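Secondary and tertiary structure notes
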Amino acid sequence: MIKRFQLAAQGMWLRVESGFSNVFGEAWNPFHHLGTLTFFLFWVIAASGLYLYIFFDTGVQDAYNSIEALTHDQWYLGGVLRSVHRYASDAMVLTALLHMLRQFVMDRFRGFRWFSWLSGVPLLWLMYASGIGGYWLVWDEMAQFLAIATAEWLDWLPIFSEPLVRNFLNQDAVNDRFFTLLAFLHIGIPLILLLFMWVHIQRITSAKTNPPLRLGVGVVLAIVVLSLIKPALSQPLANLDRVVTQIPLDWFYLALYPLIYSGSPGKVWALAGGATLLLLALPWLFYKKALPVAVVHPDNCNGCRRCFADCPYSAVTMTSHPDKPGLQLAVVNADLCASCGICAGACPSSTPFRSAAELVTGIDMPQATVHSLRAATEASLEKLKGEVRLVVYGCDHGADVRALAAPDVVVHSLECIGMLPPSFVDYILRSGHAEGVLVTGCPGSDCQYRLGSVWTEQRFHGEREPHLRTRVARERVQVFMAGQRDQAKLQRELEIYREILRNLPPTGDAAPPPRRARSKP
């Protein structure tokens, strides 16, 4: 059931993302940066809120008057920043919820990702608490409604000796100290939110918390334009001696409040609490069988730290090598390992040029070893026929490279394209069995394992170790990342690349593979 829903939702989601990519480009597609946009919007809210706080007065009458002065007397800056503060807060709710929905739809919420999912759930409560507290500070009719409704909602819980709603029975019940407390909470809760956001990314290596510059600037400009077109304004001053009968709600933050009166506080608690428990339990309700984790072979590990630097989820650490004094040894934390194989692609011993009959590397994936990749590559080369022979390496989560298979094209699909050591391309071209190699995988901004495509492109461009050797003719190597919705684009790229290779000088006769030692019986 859950799988069918995910597949259907995933298809619709990818179509929407494809449309955004056509407008914004792959690198600046906002759907590929929802997490970083949430972080970025937090800082926009914090910066605008800091300015507003400078002019904010804590007091029953002073709070409202100071906000009104900012909005109207200083409309050119204070008024705009108030609106920016409001709309950035709404945008943060939107990006956070879309980010969570996307992770669920793309099946990136369970297995080794459970910690990031679990730590993200409390962020929703903290984010909403921060926003609702901000509405209270204005102390207009909306704040009056929220204060009474929140008190009635909390009073349903049997934890208070006296009903909280008594604090809002009449105009004299609220004093200036109440606003000092509100201001303290409106600063303290976002700080706790920031702490949990930091915890949320602790198991992620090289975590990005800022979107691409153009995207960030574009978001800010859009919020500023919206602030100028439709500035955020206060309702009339709160008066607890009068009943509020009609107010415009911010549905991003306050969607639950009408349910308190259309149903009951208990039902709202059941809805909110049940939804929270469901979100917390999702990684275990839909258990996913984990792949075998990376295995370190101490005899072949020289402590170079490349696997440590390239692991996207901090699953690899370094310790002193037990057999090689002065060197380090990689250690894999099975609970954090994503089984992506990026570490194997980073290992300097993962080269097919080694003459050992059984290719054992410093770190490898037991279910898809570098040795088996070499054997599969060699076997496929023998099958190639045609004028322009091509080898295609792809990943299981991007465009389907298996659809490209033909007599003159052999394909290999890996768990992640980051598993591919660049030396394999050198190995193939030196053999003379193929005229070119096409390397593809998930788009770099949306790699299934975060950094596999990025590291691969950097390795092939000589910007990261292990890099493709300079002796390799670059015109015979093509790197083109393509997602699941880019099958047609990948097919066209292959045809264009085939024509380019057709016009190049021939590679010469096939060279025999390196001689290897016989495996021990």
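So, here is what we can say about the structure in this document. (Residues numbered from 1 in each chain as written. Predicted model: local features only at pLDDT ≥ 70, side-chain atom pairs only at ≥ 80, totals over all residues. Heavy atoms only, no water.)

1. So, the pairing of strand 7 (residues 436-439)
Burial of strand 7 is two-sided: the residues Gly436 and Leu438 facing one way and the residues Val437 and Val439 facing the other way are all buried. Where strand 7 lies against strand 8 (residues 477-479), three bridges are found, and the strand directions are parallel. Within strand 8, the residue paired with leucine 438 across the bridge is glutamine 478. Regarding topology, helix 15 (residues 452-460) serves as the crossover connection from strand 7 to the parallel strand 8, and that connection is right-handed. (Buried < 20%, exposed > 50% of the residue type's maximum accessible area, 1.4 Å probe, protein only. Helix = DSSP H or I, 4+ residues; strand = E, 2+ residues; numbered from the N terminus. Pairing = 2+ DSSP bridges. Right-handed = clockwise from strand over helix to strand, strands pointing away.)

2. A look at the sheet that holds strand 8
Taking strand neighbours across the sheet as the criterion, the four strands line up as 6-5-7-8 in an open arrangement whose pairing is parallel. Among the strands making up the open sheet, the edge pair consists of strand 6 (409-414) and strand 8. Direction aside, neighbouring strands of the sheet carry axes that sit 15 degrees apart on average. Judged from the six bridges that link them, strand 5 (residues 390-395) and strand 6 form a sheet pairing that is parallel. (Axes fitted to C-alpha atoms, helices over the stretch in contact; angles between N-to-C directions.)

3. Some remarks on the pattern of salt bridges
Applying the stated criterion across every chain, the model contains 19 salt bridges. With its nearest N and O atoms 2.8 Å apart, the salt bridge here joins aspartate 446 to arginine 102. Note that aspartate 446 is positioned in the loop between strand 7 and helix 15 and arginine 102 in helix 4 (residues 75-105), a separation of 344 residues in sequence. As far as burial versus exposure is concerned, aspartate 446 and arginine 102 are alike and both buried. For glutamate 495, the salt bridge goes to arginine 498, with nearest N and O atoms at 2.9 Å. You can see glutamate 495 and its partner arginine 498 sitting in helix 16 (residues 487-502), three residues apart, about one turn around the helix. (Salt bridge = Lys/Arg side-chain N within 4 Å of Asp/Glu carboxyl O.)

4. Some words on a nonpolar patch on the surface
Judged by side-chain polarity, Ile192, Leu195, Phe196 and Trp198 come together as a nonpolar surface patch covering roughly 390 Å² of accessible area. Relative to the elements of secondary structure, isoleucine 192 occurs in helix 7 (residues 176-200). Among the residues examined, isoleucine 192 registers a relative accessible area of 40% and is labelled partly exposed. (Patch = residues over 30% accessible without salt bridge, like charges linked within 9 Å, V, L, I, M, F, W, Y side chains within 5 Å. Areas by Shrake-Rupley, 256 points an atom, 1.4 Å probe, with all protein chains shown as cover.)

5. Considerations on the packing of helix 6 (residues 141-155) against helix 10 (residues 265-285)
Here helix 6 crosses helix 10 at 80 degrees, and the two axes come no closer than 8 Å. The orientation of helix 6 relative to helix 10 falls into the category roughly perpendicular. Counted together, Glu152, Trp153 and Leu154 of helix 6 and Pro265, Val268, Trp269 and Ala272 of helix 10 form the full contact between these two elements. (Parallel < 35°, antiparallel > 145°, perpendicular 65-115°, else oblique. Contact = heavy atoms within 4.5 Å.)

6. A closer look at the packing of aromatic side chains
Scanning all chains against the criterion turns up 23 aromatic pairs. Consider the rings of tryptophan 75 and tyrosine 76, whose centres lie 6.1 Å apart with planes at 85 degrees: the pair is edge-to-face. Both residues of the pair, tryptophan 75 and tyrosine 76, belong to the exposed class. Judged by centre distance (5.6 Å) and plane angle (85 degrees), the ring pair of phenylalanine 178 and phenylalanine 179 falls under edge-to-face. What makes phenylalanine 179 buried here is its relative accessible area of 0%. Among the aromatic residues, ring-to-ring pairing joins Trp136, Trp139, Phe168, Phe178 and Phe179 into one connected group. Directly above the aromatic system of phenylalanine 353 lies the positively charged group of arginine 469, at a separation of 5.8 Å from the ring centroid. (Phe/Tyr/Trp six-rings, centres within 6.5 Å; stacked < 30°, edge-to-face > 60°. Lys NZ or Arg CZ within 6 Å of the ring centre and 35° of its normal.)

7. Structural notes on unusual backbone geometry
Glutamate 465 connects to proline 466 through a cis peptide bond whose omega is -5 degrees. Despite not being glycine, serine 206 has its phi angle at roughly 55 degrees, a positive value. Here serine 206 lies in the loop between helix 7 and helix 8 (213-229). With a phi angle near 70 degrees, arginine 450 is a residue other than glycine that sits in the positive phi range. Considering the arrangement of structural elements, one finds arginine 450 in the loop between strand 7 and helix 15.

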